Amino acid sequence: GQNIDQPTEMTATEGAIVQINCTYQTSGFNGLFWYQQHAGEAPTFLSYNVLDGLEEKGRFSSFLSRSKGYSYLLLKELQMKDSASYLCAVRVPGGFKTIFGAGTRLFVKA
Amino acid sequence: DVKVTQSSRYLVKRTGEKVFLECVQDMDHENMFWYRQDPGLGLRLIYFSYDVKMKEKGDIPEGYSVSREKKERFSLILESASTNQTSMYLCASTLASSYEQYFGPGTRLTVT
């Protein structure tokens with residue numbers, strides 16, 4: 001079966017660093033995405049990892065370990081506007097199909 | 001600027017009604033997708049299309065059909081709406097050569 005696990009909710013303080021973990025068990029792997037979704041809005045693309053290692057993009061970094069079926073999204077210097085849901089998703093072989101996790105709702109407090 | 005639009009943000013329909021949800025993208029993307037998003041379940045793929053008049057079933061196609069007569073437009077049809085189809089519906093599109101999906105703002109459908 002296809003399964004993606006991520007924590008339901010997390011809370012962090014403005015200016016801090018937070019790590020959102022994602023583990024996956026899928027029938028094949030063609031890449032892992034992170035999307036950000038503010039309440040009532042469309043998901044927007046944050047990152048895509050296909051090889052092991054850390055990809056840094058400004059305040060956001062994403063890490064992948066394919067052998068462990070594990071990824072994390074690291075958010076530095078947290079801002080109030082980072083309060084949102086973060087969706088982990090895996091692209092599986094055989095077409096354009098992407099499996100999404102249920103999302104992690106991040107609350108940033110002052 | 002990349003844009004995916006959906007015909008309605010909020011929709012209320014009665015059980016048994018036929019419902020049309022429209023999605024339009026202005027990026028000349030080949031691939032288009034319909035998802036539903038429910039709390040605790042994440043986005044689940046209903047149908048996708050990789051070309052005009054082509055369609056493929058996703059994970060939960062039962063009770064839905066789709067139509068793609070033009071490249072920019074992808075319609076989701078609920079033939080006879082039921083209360084368990086109350087959900088947020090999201091449309092997305094990508095280029096055939098790309099992996100990044102661009103999402104529309106979503107339609108929150110309530111079936112009473």
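Residues numbered from 1 in each chain as written. Chains lettered and ligands numbered in written order. Predicted model: local features only at pLDDT ≥ 70, side-chain atom pairs only at ≥ 80, totals over all residues. Heavy atoms only, no water.

### Considerations on the interface of chain B and chain A
Counting residues at the interface gives 22 residues for chain B, matched by 18 residues for chain A. Around 1600 Å² of area is buried between chain B and chain A when both sides are counted, 61% of it from carbon and sulfur atoms. Of all residues in chain B, the largest losses of buried area upon contact with chain A belong to L43(B), Y99(B) and F103(B), amounting jointly to 32% of the total for that side. Linking chain B to chain A there are 1 salt bridge. In this structure, D59(B) and K97(A) form a salt bridge, with 2.4 Å as the shortest nitrogen-oxygen distance. At the junction of chain B with chain A, the criterion picks out 5 residue pairs in polar contact (both at pLDDT 80 or more). Residue assignment for the side of chain B that touches chain A shows that the elements contributing at least two residues are β4 (31-38) and β5 (42-49) of chain B. By residue class, the composition of the side of chain B that touches chain A is 12 nonpolar, 7 polar and 3 charged. (Contact = heavy atoms within 4.5 Å. Buried area = accessible area lost by both parts, 1.4 Å probe. Salt bridge = Lys/Arg side-chain N within 4 Å of Asp/Glu carboxyl O. Polar contact = N/O pair within 3.5 Å; in protein donor to acceptor, adjacent residues only side chain to side chain. Helix = DSSP H or I, 4+ residues; strand = E, 2+ residues; numbered from the N terminus. Nonpolar A, V, L, I, M, F, W, Y, C, P; charged D, E, K, R; others polar.)

### With respect to empty space enclosed by the protein
Tallied over the entire structure, the rule returns 1 cavity of 30 Å³ or more. Volume-wise, the largest cavity comes out at about 50 Å³. (1 Å grid on protein atoms, 1.4 Å probe; cavity = no way out; pocket = protein on both sides within 12 Å on 5 of 7 lines; lining within 4 Å. Points joined across faces, edges and corners; volume = space filled by probe spheres on them.)

### Considering the packing of aromatic side chains
What the rule picks out here adds up to 19 aromatic pairs over all chains. Here F33(A) and Y48(A) contribute two aromatic rings whose centre-to-centre distance is 4.6 Å and whose plane-to-plane angle is 35°, an arrangement assigned as tilted. Linking F33(A) in strand β4 (residues 32-37) with Y48(A) in strand β5 (residues 44-49), this pair joins segments that are 15 residues apart in sequence. Comparing F33(A) with Y48(A), the two get one shared label, buried. Relative to Y99(B), the ring of F33(A) lies with its centre 6.1 Å away and its plane at 55°, an arrangement referred to as tilted. Taken together, the residues span two chains, with F33(A) in strand β4 and Y99(B) in the loop between β9 (87-94) and β10 (102-103). Residue classification places F33(A) among the buried residues on the basis of a relative accessible area of 0%. On the basis of relative accessibility, which here comes to 36%, the residue Y99(B) falls in the partly exposed class. Joined through ring pairs, the aromatic side chains of F33(A), Y35(A), F45(A), Y48(A), F100(A), F33(B), Y35(B), F48(B), Y99(B) and F103(B) make up one cluster. (Phe/Tyr/Trp six-rings, centres within 6.5 Å; stacked < 30°, edge-to-face > 60°. Buried < 20%, exposed > 50% of the residue type's maximum accessible area, 1.4 Å probe, protein only.)

### Here's the deal with unusual backbone geometry
Residues and elements named next belong to chain B. Even without being glycine, D28 reaches a positive phi, approximately 60°. Examined against the element boundaries, D28 turns out to sit in the loop between β3 (19-25) and β4. Judged by its relative accessible area of 52%, D28 falls in the exposed class. Backbone geometry at K53 places phi at a positive 65°, although glycine is not the residue there. With respect to the helices and strands, the residue K53 is situated in the loop between β5 and β6 (56-57). For K53, a relative accessible area of 58% puts it in the exposed group.

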